[in-house]
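Structural characterization, general
Given next are the chains, with one letter for each unit.
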Amino acid sequence: MATYSFRLAMAVTCALVLATGCQGLQVGYYSKTCPRVEYIVRDEVKKFVYKNAGIGAGLIRMIFHDCFVQGCDGSVLLDPTPANPQPEKLSPPNNPSLRGFEVIDAAKDAVEKACPGVVSCADIVAFAARDAAYFLSRFRVKIDMPAGRLDGRVSNASEALDFLPPPVFNITELVGSFAAKGLGVEDMVVLSGAHTVGRSHCSSFVPNRLAATAASDINAGFANFLRRQCPANPNPANDPTVNQDFVTPNAFDNQYYRNVLAHKVLFTSDAALLTTQATAKMVKDNANVPGLWEGKFKKAFVKMSQIEVKTGNQGEIRKNCRVVN
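Once a new chain begins, its residue numbering starts again from 1 and follows that chain's sequence as written. Note on the predicted model: pLDDT of at least 70 is required for a residue's local features to be given, and 80 or more for side-chain atom pairs to be given and counted; whole-chain, interface and lining totals, by contrast, use all residues. To obtain the side-chain values, all non-hydrogen atoms of the structure were included, while hydrogens and water were left out.

Right, let's talk about a nonpolar patch on the surface for a bit. Residues enter a patch when their relative accessible area is above 30% and they make no salt bridge; the linking distance is 9 Å between like charges and 5 Å between nonpolar side chains (Val, Leu, Ile, Met, Phe, Trp, Tyr). Only the protein chains shown count as cover for residues, and all accessible areas are computed by the Shrake-Rupley method using a 1.4 Å probe. Throughout this description, the term salt bridge denotes a Lys or Arg side-chain nitrogen within 4 Å of a carboxyl oxygen of Asp or Glu. Taken together, the side chains of Phe225, Phe246 and Val247 make up a nonpolar region of the molecular surface, amounting to roughly 230 Å² of accessible area. Every helix listed is a DSSP run of H or I at least four residues long, and every strand listed is a run of E at least two residues long, numbered separately from the N terminus. Take Val247: it is sitting in the loop between strand E2 (241-243) and helix H11 (255-261).

See below:
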């Protein structure tokens with residue numbers, strides 16, 4: 001009877017994420033093979049995040065950038081090699097802005113000492129992002145993260161450009177980009193809330209939001225504030241960063257949605273959430289109903305973490321997260 005109940009629960013869970021595929025992932029996947037893995041990863045994440053909240057924001061961003069390209073398979077972790085000189089991590093959406101790789105390395109090293117050859121880098125990325133959200137939300141966002149992903153062997157910089165939605169996307173393009181990965185409109189709005197932490201390079205928004213010719217609805221006072229932080233023409237030699245959420249920059253909270261309503265957000269893709277009646281209502285609800293966004297984020301985050309996962313002979317468990325076996 002207990003086995004039947006477990007299978008029924010798994011069937012219900014899989015039905016909820018049918019568009020992305022359940023692929024046999026389950027909460028507590030390592031309970032027998034590496035029972036302390038989630039505690040080990042959490043300890044490593046805690047060390048880094050408590051020293052620098054920005055690393056936590058980087059880990060949350062990392063899983064988005066991993067899952068949207070080749071699925072949630074740790075492909076974003078792979079370093080360049082002579083055989084593959086242009087992996088995902090060198091693509092413009094990831095380089096030089098993506099951060100937190102040293103946390104994954106530290107967690108992998110600690111996990112390998114406890115149970116060698118058992119835990120995938122892809123699962124460590126998922127656990128680390130989950131834990132970063134937990135610490136930055138002051139323990140309000142507590143996610144049960146299923147595991148069982150395998151590590152991919154393919155990583156291509158051009159695919160990051162193909163699949164990661166850039167900050168200049170309008171609402172139609174955003175919806176299409178998320179739909180291609182099995183995620184709905186509400187998932188897109190909810191996951192956009194991760195912009196409540198982290199920093200952005202000026203080059204990601206200045207041309208589209210602050211230039212004199214830009215058709216932008218940005219708050220005038222906020223625009224002037226940003227102009228004091230950013231050069232008029234950012235370039236690789238002069239491209240500083242600014243907080244994405246200037247009110248509570250290191251708190252994983254719903255302030256982002258208040259910023260959207262106030263027209264005090266950096267990206268065209270952020271402002272785009274107000275351009276349809278349906279998404280604007282979601283923004284208002286997430287801004288005004290206490291606890292609503294946090295609850296929705298947990299579900300959308302788990303759904304995203306199951307995009308196109310590798311199982312069986314599709315992947316491997318890397319010994320080193322930066323190179324294929």
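Let us keep going from here.
Attention now moves to helix H14 (residues 292-304). Expected helix span is given by 1.5 Å per residue-to-residue step, counting one fewer step than there are residues. Taking 1.5 Å per residue, 13 residues should reach 18 Å; H14 reaches 18 Å between its end C-alpha atoms and fits that length. Type-normalised accessible area, obtained with a 1.4 Å probe on protein chains alone, sets the label of each residue: buried when under 20%, exposed when over 50%, and partly exposed for intermediate values. Of all the positions in H14, only Trp293, Glu294, Phe297, Ala300, Phe301, Val302, Lys303 and Met304 are classed as buried. Two residues qualify as a contact provided that any one of their heavy atoms is within 4.5 Å of a heavy atom in the partner residue. Among the structural elements, helix H3 (53-67), helix H5 (121-136), helix H8 (185-192), H11 and helix H13 (277-288) are those in contact with the buried residues of H14.

What follows is about the packing of helix H7 (residues 171-179) against H8. Direction vectors running N to C along H7 and H8 enclose 105°, while the axes themselves pass 9 Å from each other. Viewed along their axes, H7 and H8 adopt a mutual orientation that is roughly perpendicular. Here H7 contributes Ile171, Leu174, Val175 and Phe178 to the contact with H8, which in turn contributes Val185, Met188 and Leu191. By the convention adopted, Pro, Cys, Tyr, Trp, Phe, Met, Ile, Leu, Val and Ala count as nonpolar, Lys, Arg, Asp and Glu as charged, and the other residues, Gly among them, as polar. For the contact of H7 with H8, a count of residues per class yields seven nonpolar, no polar and no charged. For helices, the axis comes from a line fit to the C-alpha atoms of the stretch in contact; other axes are also lines fit to C-alpha atoms, and the angle between any two N-to-C directions lies between 0 and 180 degrees. Roughly parallel means an angle under 35 degrees; roughly antiparallel, over 145; roughly perpendicular, 65 to 115; everything else is oblique.

The next point concerns the side chain of Ser200. The topology assignment puts Ser200 in strand E1 (residues 199-201). Discounting chain neighbours no more than four positions away, the residues touching Ser200 are Phe205, Pro240, Thr241, Val242, Gln244, Leu266 and Phe267.

Definition used in this section: a nonpolar core is a set of buried Ala, Val, Leu, Ile, Met, Phe, Trp, Tyr and Cys residues joined via side-chain atoms within 4.5 Å. Residues Phe252, Phe297, Phe301 and Met304 are the most contacted members of the largest nonpolar core, which totals 77 residues. Per-element accounting of this core gives the leading share, twelve residues, to H5. Within the second largest apolar cluster, twelve residues are counted, among which are Cys202, Phe205, Val206 and Phe267.

As a further point, take the packing of aromatic side chains. Any two rings among Phe, Tyr and Trp, with Trp reduced to its six-membered ring, count as a pair given centres within 6.5 Å; such a pair is stacked if its planes are under 30 degrees apart, edge-to-face if over 60, and tilted if neither. Taken as a whole and assessed by the stated rule, the structure comprises 16 aromatic pairs. Considering the side-chain rings of Phe252 and Trp293, the 5.1 Å spacing of their centres and the 55° angle between planes classify their relative orientation as tilted. With Phe252 in the loop between E2 and H11 and Trp293 in helix H14, the pair connects residues that are 41 residues apart, well separated along the chain. You can call Phe252 buried: its relative accessible area is 2%. For Trp293, a relative accessible area of 0% translates into the label buried. Here the aromatic residues Phe64, Phe252, Tyr256, Tyr257, Trp293, Phe297 and Phe301 are joined through ring pairs into a cluster of three or more. The cationic tip of Lys181 hangs over the ring face of Phe163; the distance from NZ or CZ to the ring centre is 4.2 Å. Any Lys NZ or Arg CZ that is within 6 Å of a ring centre and within 35 degrees of that ring's normal is treated as a charge sitting over the ring.

Below, the discussion takes up the layout of surface pockets. In this structure, the largest pocket encloses a volume near 1200 Å³. Lining residues are defined by having an atom within 4 Å of a point belonging to a cavity or pocket. Those points lie on a 1 Å grid over the protein atoms alone, cavities being sets where a 1.4 Å probe fits but cannot get out and pockets being open sets with protein on both sides within 12 Å along at least five of seven lines. Lining the largest pocket are 42 residues, and of these Arg61, His65, Pro93, Ser97 and Phe267 sit closest to its centre. Counting residues per element, the ones that place at least two in the lining of the largest pocket are H3, helix H6 (157-163), H7, H8, E1 and helix H12 (268-271). Classifying every residue of the lining of the largest pocket by side-chain character gives 21 nonpolar, 16 polar and five charged. Grid points are joined across faces, edges and corners, and a volume is the space filled by probe spheres set on the points.

The next thing to look at is the packing of H8 against H13. Where H8 contacts H13, the two axes come as close as 10 Å, and the packing angle between them is 45°. Between H8 and H13, the angle falls in the class oblique. When you trace H8 past H13, the crossing you get is right-handed. Of H13, the residues touching H8 (which contributes Val185, Glu186, Val189 and Val190) are Thr279, Met282, Val283 and Asn286. Helix crossings get a hand from a simple test, with the near helix turned counterclockwise from the far one by less than a right angle marking a left-handed crossing and a clockwise turn marking a right-handed one.

For the purposes of this analysis, a disulfide is any pair of cysteine sulfur atoms at a distance within 2.5 Å. Taken as a whole and judged by the stated rule, the model has four disulfides. The disulfide that involves Cys67 links it to Cys72, with 2.0 Å between the sulfurs. Since a negative S-S torsion denotes a left-handed disulfide, the Cys67-Cys72 link at about 120° is right-handed. Judged by its relative accessible area of 0%, Cys67 is buried. Two residues, Cys202 and Cys230, share a disulfide whose sulfurs are 2.0 Å apart. Across the disulfide from Cys202 to Cys230, rotation about the S-S bond amounts to roughly -75°, and the bridge is consequently left-handed. Of this pair, Cys202 sits in the loop between E1 and helix H9 (206-210) while Cys230 sits in the loop between helix H10 (220-229) and E2, placing them 28 residues apart in sequence. Using a relative accessible area of 8% as the deciding quantity, one classes Cys230 as buried.

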